[in-house]
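# Structural description and commentary
Each chain, written out:
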Amino acid sequence: MVSFDEVMNIISVNKKVCTPNLTSKLSFEIAIKKIKNNSKVLDLGCGSGIIAIGVLKNKKNVKLYCSDSSDYACRLTERNFKNNILTAEIKKGNLFSPWRNKKFDYIINDVSGISRLIAKKSPWFNSFVPCQTGNDGTKLTLRIINQCKKFLSSNGTLQLPLISLSNKNRIIDEAKKNFEKVKIQSTNDWFLPKNMEKYNMYLDKIKSKGYIDFSRKFDRIVCNTSILTCTKIKK
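Here is a short report on the structure shown in this document. (Residues numbered from 1 in each chain as written. Predicted model: local features only at pLDDT ≥ 70, side-chain atom pairs only at ≥ 80, totals over all residues. Heavy atoms only, no water.)

### Notes on the pattern of salt bridges
Where we set the bar: We define a salt bridge as a contact between a side-chain nitrogen of Lys or Arg and a carboxyl oxygen of Asp or Glu at a distance within 4 Å. Labels follow the DSSP assignment, with helices taken as runs of H or I lasting at least four residues and strands as runs of E lasting at least two, numbered in each case from the N terminus. Here's how the labels work: a residue is buried when its accessible area is under 20% of the maximum for its type, exposed when over 50%, partly exposed in between, all with a 1.4 Å probe on protein chains only.
Counted by the stated rule, this structure contains seven salt bridges. Across the pair Asp 136 and Arg 170 runs a salt bridge, and its minimum N-O distance is 2.8 Å. Taken together, the residues Asp 136 in the loop between helix 5 (116–119) and helix 6 (139–147) and Arg 170 in helix 7 (residues 168–178) connect sequence positions 34 residues apart. Looking at Asp 136, the relative accessible area reads 10%, which means it is buried. Given a relative accessible area of 42%, Arg 170 falls into the partly exposed group. Between Lys 207 and Asp 213 there is a salt bridge; the shortest N-O distance is 3.9 Å. Taking relative accessible area as the criterion, Lys 207 reaches 30% and is therefore assigned partly exposed. Beyond isolated ion pairs, a larger network of salt bridges with shared partners links Glu 89, Lys 91 and Lys 102.

See the structure below:
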């Protein structure tokens, strides 16, 4: 298997596109595990293209489609594919808008999924990397869950990241309304970066409203990221 770290070493990143992170790594690993050879795969919110490149490095005869709302991301993905002598259909557009009349066997959601209130204080987003996810971080993910049914094949799978700096339960509940099988495939805990500890009181306030969730350990805030797969669309 070509690992996440190995692919990181063969792609370019820049500050105008979201840098691959733990969520990217977990998404990469589950996608490699779950995607079957000869599948049509959509990487939604492709960023640098790292997950899509990982899929092509590890699977046979997979047809890749990538899209992002950012011009910078699409150009970076194109360059990374070209530098690795790989091919994909890459389009700019919001969520599923570039893919009308297309059907996919596997959709990887890599669109922003944390609370907008957290994003604007975090080091992860900037003027080039927006976060239009709403106060509880679910706005885009809920839209993807409800729209994806038009774009999934009958036995297709939707893969979603769940980050505790959003309302994870709201996302899970919506997924269960739309799919017969909803399963958390992996979960990793991680400490909130120390440079965000100055916002502890603010984070407690947002948590009290139900927008996000976290625990504490060794006087530090502990968050978690999970990867959810959804299959068998409900009729």
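### Re the side chain of Glu 174
Which entries qualify depends on this criterion: Between N or O atoms, a polar contact is any pair within 3.5 Å; within protein, one atom must be a potential hydrogen donor and the other a potential acceptor, and residues adjacent in sequence are included only when both atoms are from side chains. Contact definition: two residues touch when any of their heavy atoms are within 4.5 Å.
Its place among the elements puts Glu 174 in helix 7. At 3.2 Å, the side chain of Glu 174 and the side chain of Asn 146 are in polar contact. What Glu 174 contacts, discounting residues up to four positions off in sequence, is Leu 142, Ile 145 and Asn 146.

### So, the packing of aromatic side chains
As a reminder of what qualifies: Aromatic rings from Phe, Tyr and Trp, taking only the six-membered ring of Trp, are treated as a pair when their centres fall within 6.5 Å; an angle between ring planes under 30 degrees marks them as stacked, one over 60 as edge-to-face, and anything in between as tilted. Our definition puts a charge over a ring when NZ of Lys or CZ of Arg is within 6 Å of the ring centre and also within 35 degrees of the ring normal.
Evaluation of the coordinates by the stated rule reveals five aromatic pairs. When the centroid spacing of 5.2 Å and the interplanar angle of 70 degrees are considered together, the rings of Tyr 65 and Phe 104 count as edge-to-face. A residue pair is termed long-range when its members are at least 10 positions apart, and Tyr 65 in strand 2 (residues 63–68) and Phe 104 in strand 4 (residues 104–109) qualify at 39 residues. Neither Tyr 65 nor Phe 104 differs from the other in exposure class; each is buried. Note on Phe 96 and Phe 151: the rings are 4.6 Å apart at their centroids and 5 degrees apart in plane angle, and the pair reads as stacked. Highlighted residues: Phe 96 in the loop between strand 3 (89–92) and strand 4 and Phe 151 in the loop between helix 6 and strand 5 (152–163), separated in sequence by 55 residues. Neither residue differs from the other here; Phe 96 and Phe 151 are each classed as buried. By way of ring pairs, the aromatic residues Tyr 65, Trp 99 and Phe 104 are connected into one cluster. Just above the ring of Tyr 202 sits the side chain of Lys 121; from NZ or CZ to the centre is 4.8 Å. Over the ring of Phe 214 we find Lys 207, and its NZ or CZ is 4.6 Å from the ring centre.

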